[in-house]
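# Residue-level structure breakdown
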Amino acid sequence: MKKVILFMVVPFISSAQVGINTNTPTKTLDINGELRIRTLPTGLTADEILSTDANGNIRKVSRGDLSGGSSSGFNNSILGYDPKPVATRPQPPGSVPGGGTATELGCKKWAGNNHTYCAYQLSQAINWFNAFSFGKQMGGYLVTMPNDAERTWVNTNIVASGTGYNLSNNIWIGFNKIQRPGNPDQLQWITGEEFRINWSTNPATTENWFNPGEPNNSGGVEGATHIFAASANAERRWNDLNGGLTANSSISMNQLIIEFNE
């Protein structure tokens, strides 16, 4: 009589991190070594591309981004550096370019683009150029809002009262004047993104949130952009200003929003 032994495999689900050749994994699966996949199915033209950052973290990139950022519009060459994962941002933030320290008030992720937005309170006021450097230091960049959907989400979840961050002062954002050879100075998002166009108006308009009459480059010296303080503008609209200033209408530029691409 033959004996039959049955083995039952019970699937085990765990939320723990798994490491291969490492005892300290930092992701759900962390491989300390090379990765080989013997068989891969043929992809579609709409598929996204896998890429890695300098630390080996795998991400997905739109095919359009490989041709100068025509899909999301993000352009590392225009920004001038490669953003880092939000998990690698300095904690605590440490010293701030130009002086003082920063306190992280909290972070939230928007499902619309899977980006994370972190709010910071600074111990002293900051000009636009040092604010840009602080964003780079943190591994992100000054928040950009090229369309109404993103701007509305940032305002509702990060800027507005009741969010827990109390960002009631002036806030620098990533929209600044650039000079191109042979052309007039022009404001542009630091990431290379373009405003979404509203073609239903005549003439067509961009989905911006500038205060009426702005930007106006008053005195020919205004090249940076900030969100108005709550006491100056209840709608928290935008205004262009001299980037070397650290206050507007006697209200400090001592609060920032840093955006991370994950």
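Above this note sits the structure.
Residues numbered from 1 in each chain as written. Predicted model: local features only at pLDDT ≥ 70, side-chain atom pairs only at ≥ 80, totals over all residues. Heavy atoms only, no water.

## Section: the packing of aromatic side chains
By the definition in use, this model includes 14 aromatic pairs. Ring plane angle 90° and centroid distance 5.8 Å describe the contact between Trp189 and Trp238, whose orientation is recorded as edge-to-face. Taken as a pair, Trp189 in strand β9 (residues 186-189) and Trp238 in strand β13 (residues 238-241) lie far apart in primary sequence, 49 residues in all. The two residues Trp189 and Trp238 agree in class, both being buried. A network of ring pairs unites the aromatic residues Phe175, Trp189, Phe195, Phe210 and Trp238 as a single cluster. In this structure, Arg151 is placed above the aromatic ring of Trp209, and the distance from its NZ or CZ to the ring centre is 3.7 Å. Directly above the ring of Trp209 sits Arg237, whose terminal nitrogen or CZ lies 3.6 Å from the centroid. (Phe/Tyr/Trp six-rings, centres within 6.5 Å; stacked < 30°, edge-to-face > 60°. Helix = DSSP H or I, 4+ residues; strand = E, 2+ residues; numbered from the N terminus. Buried < 20%, exposed > 50% of the residue type's maximum accessible area, 1.4 Å probe, protein only. Lys NZ or Arg CZ within 6 Å of the ring centre and 35° of its normal.)

## A word on the pairing of strand β6 (residues 115-122)
The buried fraction of β6 amounts to seven of the eight residues, a majority that puts the element mostly inside the structure. With eight bridges connecting them, strand β5 (residues 102-110) and β6 associate as antiparallel partners. In the strand pairing of β6, Ala102 is matched with Leu122. The hairpin turn running from β5 into β6, its antiparallel successor, is four residues long, and Asn114 in that turn takes a positive phi close to 60°. (Pairing = 2+ DSSP bridges.)

## Overview of the state of the cysteines
Under the definition given, this model contains one disulfide. Here Cys107 is linked by a disulfide to Cys118, with a sulfur-sulfur distance of 2.0 Å. Between Cys107 and Cys118 the sulfur-sulfur dihedral comes to about 110°; the bridge is accordingly right-handed. Of the two residues, Cys107 sits in strand β5 while Cys118 sits in strand β6, which places them 11 residues apart along the sequence. Residue Cys107 is classed as partly exposed on the basis of its relative accessible area of 27%. Residue classification places Cys118 among the buried positions, given a relative accessible area of 0%. (Disulfide = S-S within 2.5 Å.)

## Considering the environment of Phe210
Here Phe210 lies in the loop between β11 (205-206) and β12 (224-227). Overall, the relative accessible area of 8% leaves Phe210 in the buried class. For the pair Phe210 and Phe228, spaced 18 residues apart in the sequence, the C-alpha separation amounts to 9.7 Å. Among residues more than four places away in sequence, those in contact with Phe210 are Phe175, Pro215, Thr225, Arg237, Trp238, Asn239 and Asp240. (Contact = heavy atoms within 4.5 Å.)

## Regarding the nonpolar core
One broad trend across soluble globular proteins is that nonpolar side chains are buried collectively. Core analysis: the largest hydrophobic core is formed by 25 residues, its most contacted members being Tyr120, Phe134, Leu142, Trp172 and Leu256. Contributing elements (two or more residues each) for this core: β6, α2 (128-138), β7 (141-142) and β16 (255-260). Val154, Val159, Phe175 and Trp209 belong to the second-largest nonpolar core, a separate cluster that totals 21 residues. (Core = buried A, V, L, I, M, F, W, Y, C linked by side-chain atoms within 4.5 Å.)

## Concerning the environment of Ser249
With respect to the helices and strands, Ser249 occurs in the loop between β14 (247-248) and β15 (251-252). On the basis of relative accessibility, which here comes to 58%, the residue Ser249 falls in the exposed class. With 20 residues separating them in the primary sequence, Ser249 and Ala229 have C-alpha atoms 9.1 Å apart.

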